[in-house]
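Residue-level structural notes
Residues per chain, in single letters:
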Amino acid sequence: MSLTYVIPDTHGRCDLLDDALAEIDARSRGTADTIITIGDYVDKGPQSKQVIDRLLSGVGCSFVALKGNHDAMMVEGLRHPAKMARWLANGGDAALASYGGDPAAVPPAHIAWLDQLRLLHVDAHRIYVHAGLDSEVPLDRHIETTLLWKRYPKGQPDGFGEFHVVHGHDNDPDGPLLYRGRTNLDTLAWRTGRLTVGVFDDDRPGGPVDLIEVRGPAAEG
């Protein structure tokens, strides 16, 4: 039996990411297992640079990194000056501070890594994506705006056909939110100090078979 561990939005909380990876390492069977991070590595929390450095250093087993809307905003803000203000107003100020406050200090390798991140990942039973899917649109016809920005109607249980959808983006401090057809893992970790990793059995359809919760200090203010 192989497992897939899904880490939701970390938003500059490298302390929580480190603890989550340590917990996964303690349980994992190594190369048979997969770690998927579903985006929003940057903004809001204090350690965006450190989060990217940590992921670029490797996680110890098969690894899939997906893009979040904040990752896309950071790339746009740094490459297009007209979009800088939007990024900074949405938590980019904290991300920039982690690089010393100078846009020129952000390594080109970090920008390139964020830019080339995949938008979704599909396995035998599940689709992993940052924000969500439109069940009325074929998977190969989805646009980036949907995949990075969609918000499901509150309580909507549906997935995508026979696939269970695993996502973050739409935070709930009391989550994770577990439905018949989808799992929302985003618990506003950067603020609450509580990050929840979903554990999925690769041979079994549906939602998580386990949850790993790591805790750190809540954000001040």
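Description of the structure in this document.

The rules behind these values
Residues numbered from 1 in each chain as written. Predicted model: local features only at pLDDT ≥ 70, side-chain atom pairs only at ≥ 80, totals over all residues. Heavy atoms only, no water. Helix = DSSP H or I, 4+ residues; strand = E, 2+ residues; numbered from the N terminus. Rg over C-alpha atoms; globule rule 2.2 N^0.38 Å. Buried < 20%, exposed > 50% of the residue type's maximum accessible area, 1.4 Å probe, protein only. Contact = heavy atoms within 4.5 Å. Lys, Arg positive; Asp, Glu negative; His and termini not counted. Charge placed at Lys NZ, Arg CZ, Asp CG, Glu CD. Core = buried A, V, L, I, M, F, W, Y, C linked by side-chain atoms within 4.5 Å. Arc of directions from axis to C-beta. 1 Å grid on protein atoms, 1.4 Å probe; cavity = no way out; pocket = protein on both sides within 12 Å on 5 of 7 lines; lining within 4 Å. Points joined across faces, edges and corners; volume = space filled by probe spheres on them. Pairing = 2+ DSSP bridges. Axes fitted to C-alpha atoms, helices over the stretch in contact; angles between N-to-C directions.

In this section: the overall build of the chain. Summing up its helical and strand segments, the chain has 7 helices and 10 strands in all. The C-alpha radius of gyration computed for the chain amounts to 16 Å, which stays within 12% of the reference 17 Å derived for 221 residues, consistent with globular compactness. Expressed along its principal axes, the backbone C-alpha trace of the chain runs to roughly 45 × 40 × 35 Å. Every one of the 221 residues in the chain was classed for burial, and the buried ones make up 51%. Across the chain, contacts joining residues at least 24 apart in sequence account for 65% of those joining residues at least 6 apart. A distance of 3 Å separates the average location of the 22 positive side-chain charges in the chain from that of its 32 negative side-chain charges.

Let's shift gears to the nonpolar core. Among soluble globular proteins, nonpolar side chains are generally buried collectively. Within the largest apolar cluster, 38 residues are counted, with the highest numbers of intra-cluster contacts made by Y41 and L114. For this core, the secondary structure elements donating two or more residues are β1 (3-7), α1 (14-27), α2 (48-56), α3 (69-79), α4 (84-98), α5 (108-116), β9 (194-201) and β10 (210-215). The greatest single-element share of this core, amounting to 6 residues, is contributed by α1. Every residue in contact with Y41, bar those within four places of it in the chain, is listed here: T10, H11, G12, S48, V51, L55, A65, L66, D71, W113, L114 and L117. With 9 residues, the next largest nonpolar core counts V6, I38, Y128 and F200 among its residues.

Turning to α5, a few remarks are in order. For α5, every residue scored as buried is listed here: H110, I111, W113 and L114. Angular distribution of buried residues about the axis of α5 spans 160°; they occupy a single face of the element. For α5, exposure combined with an orientation more than 90 degrees from the buried face picks out P108 and A109. Of the surrounding elements, those touching the buried residues of α5 are α2, β3 (62-65) and α3.

For the rest of this paragraph, the subject is the layout of surface pockets. Size it by volume and the largest pocket reaches roughly 180 Å³. Along the walls of the largest pocket sit 16 residues, with K44, N69, H70, R151 and H169 positioned nearest its centre.

What follows covers unusual backbone geometry. Omega for the peptide link from G175 to P176 comes to 10°, which places this bond in the cis form. With respect to the helices and strands, the residue P176 is situated in the loop between β6 (164-167) and β7 (177-178). If you check the backbone angles, H11 has positive phi at about 45° while not being a glycine. Relative to the helices and strands, H11 is located in the loop between β1 and α1. If you check the backbone angles, L188 has positive phi at about 55° while not being a glycine. You can see L188 is positioned in the loop between β8 (182-184) and α7 (189-192). Among the residues examined, L188 registers a relative accessible area of 10% and is labelled buried.

Taken together, the 5 strands give an open sheet; going across it, the order is β4-β5-β6-β8-β7, and neighbouring strands pair in mixed fashion. Looking at which strands have only one partner, the edges of the open sheet turn out to be β4 (120-122) and β7.

Here 5 strands make up an open sheet; going across it, the order is β3-β2-β1-β9-β10 and the pairing mixed. Each edge of the sheet is formed by a strand with only one pairing partner; in this case those strands are β3 and β10. Strand-to-strand twist in this sheet, taken as the mean axis angle between neighbours without regard to direction, amounts to 20°. By the bridge criterion, 4 bridges tie strand β2 (residues 34-37) to β3 in an arrangement that is parallel. Bridging across to β3, T34 finds its partner in S62. Contacts from α1 reach β1, β2, β9 and β10 within the one sheet, and its direction differs from that of β10 by about 140°.

Functional significance is not addressed by these values, which are geometric in nature.
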